[in-house]
Amino acid sequence: MKTMEWKDNKLILIDQTKLPDELAYFICKTYEDVIIAIKTMVVRGAPAIGVAAAFGMALGYLADEDLDLVADEIKSSRPTAINLFWAVDRVLNSNNPVEEAKKMYVEDIETNLAIGRHGAELIAKGDTILTHCNAGALACVDYGTALGVVRTAHNQNKDINVICDETRPLGQGARLSVWELQQDGIPVKLIPDVASGYLMMEGKIDKVVIGADRVAYDGIANKIGSFLVALAAKRFHIPFYVAAPLSTFDHEISIYDTTIEERGAEEVLYYGGCRIAPKDTEVINPAFDIVPKDLISGIITEKGIVKMDKFKEFFINLK
Ligand code: MRU
């Protein structure tokens, strides 16, 4: 299963808003279609947003648009995942936008396989792994980052079990992670977001592996709720790992200066199409939060695992 495909100068995306009920596709013929797909979360997850944005640039190029303007428009579609900005700039600075986007597509899969290989070294036989949101194949071109680690450990017959937080308000854990793990026959159970602390207290979780939308020298940004999971994991001495490609690293800012996307009230007011709060209720709906570096046990990249005591050194050397 690939989250996206480039065919006949069009970008075909799995429409993630329709999962798990329907496997439908969203076809982008113009760069504006790609912007709509990113904004409405037809395509979501940092690496997937990045590669889709690269193909958006390719569509702009094929339509003979002013690529600087296209780049600015695509960059304004979602603010938090740095992969979007990285991808747009990489295509903008290339000689051939279509070929560059295709290259990034292939690289994404290779990167995730490498993250999976490195990360699986941290997983012991019989581990139960908690994950939050969807950092899986659906969040990338294929295979996934956090779920790439899970997939590799499963393929190595480590008899792992996965617990997915439902990930309110949009349910990426329930709708997407559970769905894609079931497709691969990987044992998975769904929990309400509020249950992870109790399960940790009960000794039911051995490790946490999540993805990231941005990694800086002092922490990471990821789906809202990641911080609370990290706090609980620290309380019970449960290793908390972040799986992220180097394209998610931000060398410019402190993680606390990340622009956190604020999404619409309707995402919180409605659940499965039903309103769950009084009409006109005021809502606060930040889509991401920050996990400070002291709550993270290590970052799993395509170049290997970096423990946090060596992270600053690793980060500076990458520059
Ligand atoms: O709002 P989303 O669904 O785009 O948020 C996705 C996440 O927070 C993922 O954990 C992150 O992008 C890493 S995906 C490999």
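**Focus on the side chain of Thr-248**
Now for step 1: The topology assignment puts Thr-248 in the loop between strand E10 (240-243) and helix H10 (266-269).
Now for step 2: Its relative accessible area of 0% is what places Thr-248 among the buried residues.

**Notes on helix H6 (residues 146-155)**
An α-helical turn contains 3.6 residues, so a residue and the one three or four places further along point in the same direction.
Now for step 1: Summarising burial for H6: 8 of the 10 residues are buried, a large majority.
Now for step 2: What H6 keeps buried is the set Ala-146, Leu-147, Gly-148, Val-149, Val-150, Arg-151, Thr-152 and Ala-153.
Now for step 3: Two residues or fewer after H6 comes Asn-157, characterised by a positive phi angle close to 55°.

**With respect to the domain arrangement of the chain**
Now for step 1: If you check the domain split of the chain, you get domain 1 (4-110) and domain 2 (122-318).
Now for step 2: Centre-to-centre separation of domain 1 and domain 2, based on C-alpha positions: 23 Å.
Now for step 3: On the domain 2 side, the residues contacting the 25 residues of domain 1 number 28 residues.
Now for step 4: Together domain 1 and domain 2 conceal approximately 2,200 Å² of surface at their shared face, both sides included; 59% is due to carbon and sulfur atoms.
Now for step 5: Contact with domain 2 buries area across many residues of domain 1, yet Arg-44, Thr-80 and Ile-82 alone supply 27% of it, more than any other trio.
Now for step 6: Seen at the junction of domain 1 and domain 2, the total is 1 salt bridge.
Now for step 7: For Glu-261, the salt bridge is made with Arg-78, and the minimal N-O distance between the two is 2.8 Å.
Now for step 8: Mapped onto the side of domain 1 that touches domain 2, the elements with two or more residues apiece are helix H2 (46-62), helix H4 (82-92) and helix H5 (97-120).
Now for step 9: In terms of residue class, the side of domain 1 that touches domain 2 is built from 16 nonpolar, 5 polar and 4 charged.

**A word on unusual backbone geometry**
Peptide bonds are trans in most cases, and residues, glycine excluded, mostly fall at negative phi.
Now for step 1: Look at the link from Leu-19 to Pro-20: it is a cis peptide, with omega at 10°.
Now for step 2: Despite not being glycine, Asn-9 has its phi angle at roughly 60°, a positive value.
Now for step 3: Here Asn-9 lies in the loop between strand E1 (4-7) and strand E2 (10-14).
Now for step 4: On the basis of relative accessible area, Asn-9 is assigned to the partly exposed category, the value being 44%.

**Details of the pattern of salt bridges**
Now for step 1: As enumerated under the stated definition, the model contains 15 salt bridges in all.
Now for step 2: As a salt-bridge pair, Lys-75 and Asp-89 come within 2.7 Å of each other at their nearest N and O atoms. Placement of Lys-75 in helix H3 (residues 67-75) and of Asp-89 in helix H4 is noted, with a sequence separation of 14 residues between them.
Now for step 3: Using a relative accessible area of 30% as the deciding quantity, one classes Asp-89 as partly exposed.
Now for step 4: When salt bridges that share partners are traced, they join Arg-78, Glu-261, Arg-263 and Glu-267 into one network.

**Here we look at a nonpolar patch on the surface**
Now for step 1: A cluster of nonpolar side chains, Phe-227, Leu-228 and Leu-231, forms an exposed patch at the surface whose accessible area comes to about 270 Å².
Now for step 2: One can find Phe-227 in helix H9 (residues 226-235).
Now for step 3: With relative accessibility at 30%, the residue Phe-227 sits in the partly exposed group.

**Comments concerning the packing of H2 against H5**
Now for step 1: Taken N-terminus to C-terminus, the directions of H2 and H5 make an angle of 165°; their axes are 8 Å apart at the nearest point. Between H2 and H5, the crossing angle belongs to the class labelled roughly antiparallel. Taken as a pair, H2 and H5 cross one another with a handedness that is left-handed. Here Pro-47, Val-51, Ala-54, Phe-55, Met-57, Ala-58, Tyr-61 and Leu-62 of H2 lie close against H5, whose contacting residues are Pro-97, Val-98, Ala-101, Lys-102, Met-104, Tyr-105 and Asp-108.
Now for step 2: When grouped by side-chain class, the residues that make up the contact of H2 with H5 number 13 nonpolar, no polar and 2 charged.

**Regarding the sheet that holds E1**
Strand-to-strand pairing in sheets goes through backbone hydrogen bonds, with the strands running parallel or antiparallel.
Now for step 1: Taken in spatial order, the 3 strands line up as E1-E2-E3 in an open sheet, and their pairing is antiparallel. At either end of the open sheet lies a strand with only one pairing partner, and these are E1 and strand E3 (25-28). The average undirected angle you get between the axes of adjacent strands in this sheet is 20°.
Now for step 2: Summarising the sheet, E2 and E3 pair through 4 bridges and their orientation is antiparallel. The residue of E3 that forms the bridge with Leu-13 is Phe-26.
Now for step 3: Here helix H1 (residues 31-39) sits on the sheet in contact with E2 and E3, set at roughly 145° to E3.
Now for step 4: With respect to the sheet, H2 is in contact with E1, E2 and E3, its orientation differing from that of E1 by roughly 20°.

Parameters and conventions
Residues numbered from 1 in each chain as written. Predicted model: local features only at pLDDT ≥ 70, side-chain atom pairs only at ≥ 80, totals over all residues. Heavy atoms only, no water. Helix = DSSP H or I, 4+ residues; strand = E, 2+ residues; numbered from the N terminus. Buried < 20%, exposed > 50% of the residue type's maximum accessible area, 1.4 Å probe, protein only. Domains from an automatic or database assignment. Contact = heavy atoms within 4.5 Å. Buried area = accessible area lost by both parts, 1.4 Å probe. Salt bridge = Lys/Arg side-chain N within 4 Å of Asp/Glu carboxyl O. Nonpolar A, V, L, I, M, F, W, Y, C, P; charged D, E, K, R; others polar. Patch = residues over 30% accessible without salt bridge, like charges linked within 9 Å, V, L, I, M, F, W, Y side chains within 5 Å. Areas by Shrake-Rupley, 256 points an atom, 1.4 Å probe, with all protein chains shown as cover. Axes fitted to C-alpha atoms, helices over the stretch in contact; angles between N-to-C directions. Parallel < 35°, antiparallel > 145°, perpendicular 65-115°, else oblique. Left-handed = near helix turned anticlockwise from the far one by under 90°. Pairing = 2+ DSSP bridges.

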